[in-house]
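# Structural description and commentary
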Amino acid sequence: MTSFVGIDVTKTFTAAQLTGTESGKAPKIGDTYEAYDGKVYRFVKYNQGAGAIAAVIGNVVGFYAAGGVSAGQYNEVTSDVSDTAANGAGVLAGAPGNGEYGWIQVKGPATVTTALVSGGDGNALILSATTDGTLKVAAAVTDTVCAYAIDASAKIIMCAFPY
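Heads up: these notes are all about the structure in this document. Quick caveat: nothing in here was measured; it's all calculated off a predicted structure.

### Side note on the pattern of salt bridges
The tally for this structure, following the rule as stated, stands at one salt bridge. The residue K39 makes a salt bridge to D37 at a minimum N-O spacing of 4.0 Å. Given the relative accessible area of 21%, K39 is considered partly exposed. Overall, the relative accessible area of 39% leaves D37 in the partly exposed class.

This is the structure in structure tokens:
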């Protein structure tokens, strides 16, 4: 793990930058960063998935699993729920292009862009399997809980994503 001071979690990087102009100055894939406010972020690669879903700041992403079948990806994420295995990864802090790199928030309070598909204050939440970039209430004991609704009407969640 690398330590960072005062980083801009909204900044994104191309693959060329990571090996060229930003080499040695940019985080490595999988690095984590804990901000002064206790929020934790993880550096990942963004994949638009088969649906070509663009990254949107504040949207939820899942671990990339082409066609919904996991190949063990844990540093590549997508907002395209059809290309996840229903495992939430985090909330986009920036808006990387397809194949670019950026930060996702994995711990702490966050305000998501898209309203919850379902759920109310205090509910355990999972990655929605029907609506790209959002969460819904956990309904089964086998659901992979990744966040909790703090104020559902204001779209405020407590991130509890794995990292």
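### Notes on unusual backbone geometry
Glycine aside, a negative phi is what most residues show, and trans is what most peptide bonds show. Unlike most non-glycine residues, A86 shows phi in positive territory, near 65°. Within the secondary structure layout, A86 lies in strand β5 (residues 84–92). Its relative accessible area of 40% is what places A86 among the partly exposed residues. The backbone of K155 shows a phi angle near 65°, a positive value even though the residue is not glycine. Its location among the elements puts K155 in the loop between β9 (147–151) and β10 (156–160).

### Here's the deal with the nonpolar core
Formed by 27 residues in total, the largest nonpolar core has its most connected members in V77, I104, L135, I157 and F161. Among the secondary structure elements, those contributing two or more residues to this core are β2 (40–46), β3 (60–64), β5, β6 (101–111), β7 (124–127), β9 and β10. What F161 contacts, discounting residues up to four positions off in sequence, is V60, G88, A89, G90, V91, Q105, V106, K107, C146 and A147. Formed by ten residues, the second largest nonpolar core is a distinct cluster that contains Y33, A35, Y41 and W103.

What counts as what
- Residues numbered from 1 in each chain as written.
- Predicted model: local features only at pLDDT ≥ 70, side-chain atom pairs only at ≥ 80, totals over all residues.
- Heavy atoms only, no water.
- Salt bridge = Lys/Arg side-chain N within 4 Å of Asp/Glu carboxyl O.
- Buried < 20%, exposed > 50% of the residue type's maximum accessible area, 1.4 Å probe, protein only.
- Helix = DSSP H or I, 4+ residues; strand = E, 2+ residues; numbered from the N terminus.
- Core = buried A, V, L, I, M, F, W, Y, C linked by side-chain atoms within 4.5 Å.
- Contact = heavy atoms within 4.5 Å.

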